[in-house]
Amino acid sequence: DLPEEHQMFQKAIRDFAEKEVSLYVNECEDSHEMPMELFRKMGKLGYLCPSYPEEMGGGGLGKLGDCLLYEEVSRINAGIAGSIMIQGGVGTYAIYKHGTEKQINDCVIPVIKGEKITAFALSEPNAGSDAAALQSTAVKNGDTYVLNGTKMFITCSPKADFMIVAAYTDKSKGATGGVTLFIVEKGTPGLTVNKLHKIAMYPNEAGEVFLDECRIPVENVIGEVGKGFRYLMQTLAAGRIVHSSLSVGLAQAAYEASLEHAKTRVQFGKPIGCNQGIAFKISRMAIDIEAARWMTYRAAWLLDNGRECNTEASMAKVMSSETCVNIGNEAMQIHGGYGFMTDSPIQRFWRDSRTRTVTEGTTEIQLTVIARALGLKPS
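About the thresholds
- Residues numbered from 1 in each chain as written.
- Predicted model: local features only at pLDDT ≥ 70, side-chain atom pairs only at ≥ 80, totals over all residues.
- Heavy atoms only, no water.
- Phe/Tyr/Trp six-rings, centres within 6.5 Å; stacked < 30°, edge-to-face > 60°.
- Helix = DSSP H or I, 4+ residues; strand = E, 2+ residues; numbered from the N terminus.
- Buried < 20%, exposed > 50% of the residue type's maximum accessible area, 1.4 Å probe, protein only.
- Patch = residues over 30% accessible without salt bridge, like charges linked within 9 Å, V, L, I, M, F, W, Y side chains within 5 Å.
- Areas by Shrake-Rupley, 256 points an atom, 1.4 Å probe, with all protein chains shown as cover.
- Salt bridge = Lys/Arg side-chain N within 4 Å of Asp/Glu carboxyl O.
- Core = buried A, V, L, I, M, F, W, Y, C linked by side-chain atoms within 4.5 Å.
- Contact = heavy atoms within 4.5 Å.
- Polar contact = N/O pair within 3.5 Å; in protein donor to acceptor, adjacent residues only side chain to side chain.
- Axes fitted to C-alpha atoms, helices over the stretch in contact; angles between N-to-C directions.
- Parallel < 35°, antiparallel > 145°, perpendicular 65-115°, else oblique.
- Left-handed = near helix turned anticlockwise from the far one by under 90°.
- Nonpolar A, V, L, I, M, F, W, Y, C, P; charged D, E, K, R; others polar.
- 1 Å grid on protein atoms, 1.4 Å probe; cavity = no way out; pocket = protein on both sides within 12 Å on 5 of 7 lines; lining within 4 Å.
- Points joined across faces, edges and corners; volume = space filled by probe spheres on them.

## Brief notes about the packing of aromatic side chains
As enumerated under the stated definition, the model contains 6 aromatic pairs in all. Measuring from ring centre to ring centre gives 6.0 Å for F9 and Y47, while their planes differ by 75 degrees; the resulting arrangement is edge-to-face. Linking F9 in helix α1 (residues 4-19) with Y47 in the loop between α3 (36-45) and α4 (62-76), this pair joins segments that are 38 residues apart in sequence. Overall, F9 belongs to the buried group, its relative accessible area being 8%. A centroid spacing of 5.0 Å and a plane angle of 80 degrees characterise the contact between W294 and Y297, whose relative ring orientation is edge-to-face. Linking W294 with Y297, this pair stays in helix α10 (residues 276-304), spanning 3 residues, or about one helical turn.

## Description of a nonpolar patch on the surface
A surface patch of nonpolar side chains, about 320 Å² in accessible area, is lined by F340, M341 and W350. Within the secondary structure, M341 sits in the loop between α11 (310-335) and α12 (345-353). Judged by relative accessible area, M341 falls into the partly exposed class, the value being 42%.

## Overview of the nonpolar core
Counting residues in hydrophobic clusters, the biggest one holds 113 residues, and the most contacted among them are M42, I84, I95, L147, F182 and V184. It is helix α9 (residues 228-264) that contributes the most residues to this core, 15 residues altogether. Residue contacts for F182: discarding those within four places in its chain leaves A138, Y145, L147, M163, I164, V165, A167, T169, I216, N220, V221 and I222.

## Remarks on α12
Taking burial as the measure, the 9 residues of α12 include 7 buried ones, the bulk of the element. Within the span of α12, buried status applies to I346, Q347, R348, F349, R351, D352 and S353. Against the buried residues of α12 lie α2 (25-31), α4, α5 (78-88), α9 and α11. Its side-chain oxygen at 3.1 Å from the backbone nitrogen of I346, S344 defines the N-terminal cap of α12.

## Observations concerning the packing of α3 against α5
Between α3 and α5, the shortest axis-to-axis distance is 11 Å and the interhelical angle comes to 50 degrees. By the angle between their directions, the pair α3 and α5 is classed as oblique. Pair α3 / α5 crosses with right-handed handedness. Touching L38, F39 and M42 of α3 are I80, S83, I84 and Q87, all from α5. For the contact of α3 with α5, a count of residues per class yields 5 nonpolar, 2 polar and no charged.

## Brief notes about empty space enclosed by the protein
Under the definition given, this model contains 2 cavities of 30 Å³ or more. Taken as a whole, the largest cavity holds about 50 Å³ of empty space. Here the lining of the largest cavity is composed, by residue class, of 3 nonpolar, 2 polar and 3 charged. The computed volume of the second largest cavity comes to approximately 30 Å³. The element best represented in the lining of the second largest cavity is α9, accounting for 4 residues. Of the residues in the lining of the second largest cavity, the class split is 4 nonpolar, 3 polar and 1 charged.

## So, the pattern of salt bridges
By the definition in use, this model includes 17 salt bridges. For E330, the salt bridge identified is with K281, shortest N-O distance 2.9 Å. With E330 in helix α11 and K281 in helix α10, this pair connects stretches of sequence that are 49 residues apart. Taking relative accessible area as the criterion, E330 reaches 26% and is therefore assigned partly exposed. Note that R293 is salt-bridged to E290, the shortest N-O span being 3.5 Å.

The analysis is restricted to geometry; functional conclusions fall outside its scope.
Okay, structure coming up:
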């Protein structure tokens, strides 16, 4: 079983998601915007970043606590869960682990309390899966760094009060010794964010970020200069785990809707769930969700206990995201024409599920990570 404190949190957040998060779904899906009021409410309750210590306003529940949060919120709306996930994960993790006391007080704690929004600016037009191919640069000039570059598909950037930005401070040292992370605050001269428009995960706003001669004080360097890529790898491993929990929650929502439909939709004089073809589809949904959930929980447990989990995180990410896509497809098939109607949640599950194998590292990248861990060298 889950530890008692995690069981209590799971029950509380499930109740909150069903009663409170559900109120924002239609509005957010229509507006394609993040629910800022909900974030503030969750921050006050200590629900926004459960993995961070209680003395900072978090829940002290580790990465497993994060997984429970994102799974339950994603079961109600994956787009909202995706925006929340950035706050307690990739948008603050590097600062929490390597930042100064001032950076933590100015950035991490306000995010935990729902007072600020953060983003994680890594991907670029020509640097997605190949993170080392960054083109953004940061040149030291006195007591500032001058940042130039373009970031693409940056979640939460249209609403962000600050973002973590990765840039080369010394390209001659390559990614492992030449990338540095910076805190770039909203309103910085030269910083521009253009909102992008997606076909899925509507409340999970994304943007294109332009850095044009942005002057950033040296105090905004996260950790040590040149160690940014190492910090990124730590961040991404943790991010894959919580990404998996979001996929599990979305798959669970599609499965529950399909199970109910199979029991109540009558054709040829009997519920369609009495047909072996439908019954077997739903049985496989249940099997795959259970497997994905426990792979995700195990990876989170390993991380929380200070054990190596890069491979397990990638395994959980592949299993959960592919399960989510498959269940989204099957849910649409089971619901037939009703699933394609815009007022049906099935079409949302179907659209949102398709993002899971692409975001936070594609399936192909995860399989490469796993293969290398097995002693193989895929090219």
